[in-house]
Amino acid sequence: MIHIHTFVRFLFFGLVFVGVLFLPKPTNVDLANNNLPIFSPGFFAGTDRLGRDNFALFCYGSFSTIVLVIPARIFTIFVSFFLSTFTLFFPKKSDFLLSGIVSISLAIPSLLSALIVMSLLPDSPFAIFIAILVSDWALSYETLTAKIREIKESPYLAASLCMGAKSYHLVVLHYLPALRDIFRFLFFSGLPAVVMTTALFSYLGIQTALGDTGPGLGEQISFSKDYFDKSPVSVLLPIVAILTLVYSLGSNLKKNET
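An unreviewed UniProt entry lists the chain under the name ABC transporter permease subunit, with Leptospira mtsangambouensis given as the organism. UniProt's Sequence similarities (unreviewed entry) comment on the chain is quoted here verbatim: "Belongs to the binding-protein-dependent transport system permease family." Regarding the chain, the UniProt comment filed under Subcellular location (unreviewed entry) reads as follows: "Cell membrane".

Structure follows, in structure tokens:
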């Protein structure tokens, strides 16, 4: 029997990728066909107030979110691990440099940190990745550092040191294998938050789409919310997309924990 989580993920991602493969990008304005209701000829989910296909907006907005959040989360974990490894090679310097920065980063609301980065780098194509990194790296760093401190007390590590192992040997042979489950946990547990952050950025008018794929999910909500009475699907579909992405990625975490 197919589990409900599996069915939802299969249906959602199947619709998204089929839509991206077969539907044109929702970037053209067609005011002759604006605010069409669902099941209109040629527009299964109707259109928004600019005449753009709601289903195409749903598919491309979801696809661009997926394409963004996965590498952004991997980038955040990589940088956090790099900084955590720095504490192994230079423990005194890392305590002096990073402890205060981490405390400040954890105290400042993550959204505020991200918005500051976006305001400082308005034209950079990598600004969204840096904003997500700045908003989320400290917690990942603290988690990895705590696990690294635990590993340092391992008798296997002490044995390797007695046999003449260097620091980079310890990273490759001991730390990376022991951190594998932590990496998996950080990746899946952080994806829903990155989805919500990306949707909020898009809602505020910050460009989150990679390439010419049309507006992001948050931007779709912001653009159509004042015309809900004329085209409710234009608002409801991106909300469904955001919630389904969060649900699907969160269920991936539960699956990996079992």
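Participant: Even after reading the chapter, I still don't get the UniProt feature "transmembrane region" (unreviewed entry) in the chain, so can you show me in this structure?
Facilitator: According to UniProt, the positions carrying the feature "transmembrane region" (unreviewed entry) are residues 55-84, 96-120, 156-176, 182-206 and 227-249. Annotated as 100% helix and 0% strand, the span residues 55-84 places its first and last C-alpha atoms 43 Å apart. Counting secondary structure, residues 182-206 comes out at 88% helix and 0% strand; the distance between its end C-alpha atoms is 31 Å.

Participant: Even after reading the chapter, I still don't get helix α4 (residues 110-120), so can you show me in this structure?
Facilitator: Those residues of α4 that fall on the buried side of the exposure criterion are Ser113, Ala114, Val117 and Met118. Along the axis of α4, the buried positions cluster into a sector of 135°, meaning they face one direction only. For α4, the exposed residues set more than 90 degrees away from the buried face come down to Ser119 and Leu120. Contacts made by the buried residues of α4 are with α5 (127-152) and α8 (180-203).

Participant: Looking at this structure, how should I read the packing of helix α2 (residues 54-89) against α5?
Facilitator: Each pair of packed helices can be described by the angle between their axes along with the distance between the axes. In the contact formed by α2 and α5, the axes pass within 7 Å of each other and the chain directions differ by 45°. Taken together, the axis directions place α2 and α5 in an arrangement best described as oblique. α2 and α5 meet at a crossing whose hand is right-handed. In terms of residue class, the contact of α2 with α5 is built from 17 nonpolar, six polar and three charged.

Participant: Any chance you could explain the environment of Pro192 here in plain terms?
Facilitator: When you line up the elements, Pro192 lands in helix α8. Residue Pro192 is classed as buried on the basis of its relative accessible area of 15%. For Pro192 and Leu245, which are 53 residues apart along the polypeptide, the C-alpha to C-alpha distance reads 7.3 Å. When near neighbours in sequence (up to four residues on either side) are disregarded, Pro192 contacts Val246, Leu249 and Gly250.

Participant: What exactly am I supposed to notice about the side chain of Ser231 here?
Facilitator: As for its placement among the helices and strands, Ser231 is situated in the loop between α9 (217-224) and α10 (233-257). A residue is classified by how much of its surface remains accessible, and Ser231, at 6% relative accessible area, is buried. At 2.6 Å, the side chain of Ser231 and the side chain of Ser234 are in polar contact. Excluding residues within four positions of it along the chain, Ser231 makes contact with Asn35, Thr47, Asp48 and Asn54.

Participant: Whenever I open this one, the pattern of salt bridges confuses me. Can you help?
Facilitator: Charged atoms that come close allow side chains of opposite charge to pair. Considering all chains together, one arrives at five salt bridges under this definition. With a closest N to O distance of 2.9 Å, Asp48 and Arg52 form a salt bridge. Judged by its relative accessible area of 1%, Asp48 falls in the buried class. On the basis of relative accessible area, Arg52 is assigned to the buried category, the value being 12%. Residue Arg73 is joined to Asp136 by a salt bridge in which the shortest nitrogen-to-oxygen separation is 2.2 Å.

Participant: I'm lost on the packing of aromatic side chains in this one. Help?
Facilitator: Any two aromatic rings considered together are summarised by their centre-to-centre distance and by the angle between their planes. Counted under the stated rule, the structure contains eight aromatic pairs. Here Phe12 and Phe58 contribute two aromatic rings whose centre-to-centre distance is 5.9 Å and whose plane-to-plane angle is 85°, an arrangement assigned as edge-to-face. Of this pair, Phe12 sits in helix α1 (residues 4-22) while Phe58 sits in helix α2, and the two are 46 residues apart along the sequence. With a relative accessible area of 4%, Phe12 lands in the buried category. Look at Phe58 and you get buried, because its relative accessible area is 6%. Each ring, one from Phe17 and one from Phe63, has its centre 5.7 Å from the other, and the planes form 85°; the classification is edge-to-face. With a gap of 46 residues between them, Phe17 in helix α1 and Phe63 in helix α2 connect regions that are remote in the sequence. Since its relative accessible area comes to 36%, Phe17 is described here as partly exposed. Here the aromatic cluster, defined as three or more aromatic residues joined through ring pairs, consists of Phe12, Phe13, Phe55 and Phe58. We note Arg49 situated over the ring of Phe223; from NZ or CZ to the ring centre the distance is 3.8 Å.

Parameters at a glance
- Residues numbered from 1 in each chain as written.
- Predicted model: local features only at pLDDT ≥ 70, side-chain atom pairs only at ≥ 80, totals over all residues.
- Heavy atoms only, no water.
- UniProt positions renumbered as here; feature names shortened; annotations may be inferred.
- Helix = DSSP H or I, 4+ residues; strand = E, 2+ residues; numbered from the N terminus.
- Buried < 20%, exposed > 50% of the residue type's maximum accessible area, 1.4 Å probe, protein only.
- Arc of directions from axis to C-beta.
- Contact = heavy atoms within 4.5 Å.
- Axes fitted to C-alpha atoms, helices over the stretch in contact; angles between N-to-C directions.
- Parallel < 35°, antiparallel > 145°, perpendicular 65-115°, else oblique.
- Left-handed = near helix turned anticlockwise from the far one by under 90°.
- Nonpolar A, V, L, I, M, F, W, Y, C, P; charged D, E, K, R; others polar.
- Polar contact = N/O pair within 3.5 Å; in protein donor to acceptor, adjacent residues only side chain to side chain.
- Salt bridge = Lys/Arg side-chain N within 4 Å of Asp/Glu carboxyl O.
- Phe/Tyr/Trp six-rings, centres within 6.5 Å; stacked < 30°, edge-to-face > 60°.
- Lys NZ or Arg CZ within 6 Å of the ring centre and 35° of its normal.

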